[in-house]
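# Architecture and fold: a report
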Amino acid sequence: MSNKIDDNAVFKRHLNVWKISRLLAPLYIKNKLGYTYDIAPETFKAPYLVLSNHNSNFDPVLLGLSFPQHMYFMASEQVYRAGFKSKILKWTFEPISKIKGATDALAVAKALRKLRAGKNVCLFPEGNRSFNGKTWRIENATGKLVKVSGAALVTYRLEGVYLSNPRWGTGGVRKGRIHGRIVHYYTAEELKGMSADEITRIIHEDIYEDAYAIQEKNPVRYKGKNKAEGMECAVCVCPECRSIDSIATKGDTVFCKKCGMSTQYDDYGFFGDGFKFHNLTQWDEWQTEFYRQYIQDSAGTEEPLFFDTDVRLSKITDDHRETPVGKGTFRLFKDRMDFLAVNGGGYLLHDIRSAEESGSPMLSIPLESITAISVFNKCVLCFSDKDGTHYEMRPTDKKQIKNFRKYTSALEILKGIGSD
């Protein structure tokens, strides 16, 4: 009985925070971002599952303004590793944590438990924010989750957020025009008549956005400072000299450190005249094809496809604890990923010859053992293996920008797994 009373008290607190947040957030959000949004009608009866595209860290706030009814959000477990901020977040909203770069059955079970208790749940089925302005694909498991939940479904699309706050950007928010749109409400009865694959398909169609294609048809100005800075964590291959990891940015300028290629990134999200691409989507799609050919041309060589020095690797436990593996160099080969620690920085051995034989402390994981991989925020690489071990890699210098997307892109090509 006491547990039930405690649960009710916690939910009442969450509900009160939700109501207060919906009153206060518009005072800042509307003016800062130029944000407008639909309001969910009273005909939306709990429990329902809200699925939306994902382009910024404040997407839950934007989406929440459309829904008077309280809901729980699924979020990366990193939100529970931010010290005092995490304690506040847990007390106020208690997100359902999901391990990034892993298939997290526990997170799904928690979401289903909330729905079956009559609570609403929101998740972003792409599993990550878009780097290039296009909504990422949705896994088939999404439709299965909706079917198993037995709840109603609300599809939601955030429009213009990518250009207002691009994932790769370090220059802050650019004020322009963004809108939160309720696309469709599917009753539980309607969903019973659909297959899981059909549900996945309609979700993707409903929440899909191509930011640059929309911008081409109806240009909106997104004015800000240092608009190009950080872009190198999205694209790292020079379209002129085709060197890898040679892209750098400063202010509104993107350039190649090797050949001197340079272009401007304007208030509309377009590159300057004379550059090979008009927008970042085009550059990113060219880069993906470059990787495909690069990997094919590398057949038979023993050199790493990509590598990064000055990184630190950690293991992440299910209870949000981080155990350092070491600092050193991370490398991707066609058959494995490995980590070379420096200065005795600690190591783990996994399916590999001994440290004495290798000449350097090393962690090595065959690609066949990698079950999931993704990038968190701008440049934190998260991946998991068949043993259920979760890893996280980031630059040793917090201010440094590195491109870790090349690893997820390569894994997508090499074995069909990966996430933006």
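See the structure above.
Here is a short report on the structure shown in this document. (Residues numbered from 1 in each chain as written. Predicted model: local features only at pLDDT ≥ 70, side-chain atom pairs only at ≥ 80, totals over all residues. Heavy atoms only, no water.)

## Some thoughts on the overall build of the chain
Applicable threshold: Secondary structure elements are defined from DSSP: runs of H or I of at least 4 residues count as helices, runs of E of at least 2 residues count as strands, and each element is numbered from the N terminus. Both definitions apply: the radius of gyration is a C-alpha atom measure, and the globule rule equals 2.2 Å times residues to the power 0.38. With a 1.4 Å probe rolled over the protein chains alone, any residue whose accessible area is under 20% of its type maximum counts as buried; one over 50% counts as exposed, and the rest are partly exposed. Contacts: residue pairs with any heavy atoms within 4.5 Å of one another. The protein chains shown are the only cover counted for residues, whose accessible areas, like all others here, come from Shrake-Rupley with a 1.4 Å probe.
Helices and strands together make up the secondary structure of the chain, namely 12 helices and 17 strands. Its C-alpha radius of gyration of 22 Å places the chain within 12% of the 22 Å reference for a compact globule of 420 residues. Counting only C-alpha atoms and orienting by the principal axes, one finds that the chain spans roughly 60 × 55 × 45 Å. Split into buried and exposed, the 420 residues of the chain put 52% on the buried side. Contacts spanning at least 24 positions in sequence make up 67% of the contacts within the chain whose residues lie at least 6 apart. For the chain, the exposed area adds up to about 19,600 Å²; of that, 52% sits on carbon and sulfur atoms.

## A closer look at unusual backbone geometry
Backbone torsion omega between A46 and P47 reads 0°, so that peptide bond is classified as cis. Here P47 lies in the loop between β1 (35-37) and β2 (48-52). At R242, a position not held by glycine, the phi torsion is positive, near 60°. Classification of R242 as partly exposed rests on a relative accessible area of 47%.

## Topic: the packing of helix α4 (residues 105-116) against helix α5 (residues 141-149)
Our working definition: Note on geometry: axes are C-alpha line fits, over the in-contact stretch for helices, and angles between N-to-C directions span 0 to 180 degrees. Crossing chirality is assigned from the near helix's rotation relative to the far helix, an anticlockwise turn below a right angle marking it left-handed and a clockwise turn marking it right-handed. Three residue categories are used. Nonpolar comprises Ala, Val, Leu, Ile, Met, Phe, Trp, Tyr, Cys and Pro, charged comprises Asp, Glu, Lys and Arg, and polar comprises the others, including Gly.
Packing of α4 against α5 leaves a shortest axis separation of 10 Å and a crossing angle of 35°. Relative to α5, α4 is oriented so that their crossing is right-handed. From α4, V108, L112, L115 and R116 reach across to α5, where they touch L145, V148 and S149. Tallied by class, residues from the contact of α4 with α5 come to five nonpolar, one polar and one charged.

## Describing the packing of aromatic side chains
The condition that has to hold: Aromatic pairs are defined between Phe, Tyr and Trp rings, using the six-membered ring for Trp, whenever the two ring centres lie within 6.5 Å; interplanar angles under 30 degrees are classed as stacked, those over 60 as edge-to-face, and all others as tilted. In this scheme, the term charge over a ring applies when either NZ of a lysine or CZ of an arginine sits within 6 Å of the ring centre and within 35 degrees of the ring normal.
The full count for this structure, using the stated rule, is 26 aromatic pairs. Pairing F67 with Y156 gives two aromatic rings, centres 5.8 Å apart and planes at 45°, and the pair type is tilted. Here F67, found in the loop between α2 (59-64) and β3 (71-76), pairs with Y156, found in strand β6 (residues 152-159); they are 89 residues apart in sequence, far enough to count as distant. F67 sits in the buried class, given a relative accessible area of 0%. Using a relative accessible area of 0% as the deciding quantity, one classes Y156 as buried. One Lys or Arg, K114, reaches over the ring of Y72 and ends 4.0 Å from the middle of that ring. Directly above the aromatic system of F333 lies the positively charged group of R336, at a separation of 3.8 Å from the ring centroid.

## Focus: the packing of α5 against helix α8 (residues 196-207)
For clarity, the threshold we go by: Angle categories are assigned with fixed cut-offs, so that under 35 degrees is roughly parallel, over 145 is roughly antiparallel, 65 to 115 is roughly perpendicular, and the rest are oblique.
Relative orientation of the contacting elements α5 and α8 amounts to 110°, with a least axis distance of 7 Å. As far as their axial angle goes, α8 and α5 are roughly perpendicular. The chirality of how α5 crosses α8 is right-handed. Between α5 and α8, the residues in contact are T142, G143, K144, V146 and K147 and A196, I199, T200 and I203, respectively.

## What about the nonpolar core?
Cut-off, in case you're wondering: Nonpolar cores are built from buried Ala, Val, Leu, Ile, Met, Phe, Trp, Tyr and Cys residues. Side-chain atoms within 4.5 Å join them into one set.
Of all hydrophobic cores here, the largest spans 83 residues; its most connected members are Y35, F67, M231, L280, W283 and F383. At six residues, the largest contribution of residues to this core is made by helix α10 (residues 280-297). Grouped together as the second largest cluster of nonpolar side chains are 23 residues, L49, L115, V121 and I138 included.

## Some words on the sheet that holds strand β15 (residues 370-376)
Basically, it comes down to this: Criterion used throughout: strands pair if DSSP finds at least two bridges between them.
Ordered by their spatial adjacency, seven strands build an open sheet running β14-β13-β12-β11-β17-β16-β15, and the pairing between neighbours is antiparallel. Both edges of this open sheet fall to β14 (362-366) and β15, since each of them pairs with a single strand only. Each strand of the sheet is rotated relative to its neighbour by a mean of 30°, with strand direction disregarded. Relative to strand β17 (residues 390-395), strand β11 (residues 306-316) is paired through six bridges, and the arrangement is antiparallel. Each residue of the ladder has a partner; that of I316, found in β17, is H390.

## Section: the state of the cysteines
How we decide: Throughout, a disulfide means two cysteine sulfur atoms within 2.5 Å of one another.
Evaluated as defined, the whole model comprises zero disulfides. Sulfur of C238: no disulfide; nearest cysteine sulfur belongs to C259 and is 3.6 Å away. Owing to a relative accessible area of 0%, C238 belongs among the buried residues under this scheme.

## A short note on the sheet that holds strand β10 (residues 262-264)
Strand order in the open sheet made by the three strands is β8-β9-β10, with antiparallel pairing throughout. Looking at strand neighbours, the two that pair on one side only are β8 (247-250) and β10, the edges of this open sheet. Across this sheet, the average inter-strand angle for adjacent strands is 20°, counted without regard to direction. Across four bridges, β8 lies against strand β9 (residues 253-256) in antiparallel orientation. By the bridge assignment, K250 is partnered in β9 with T253.

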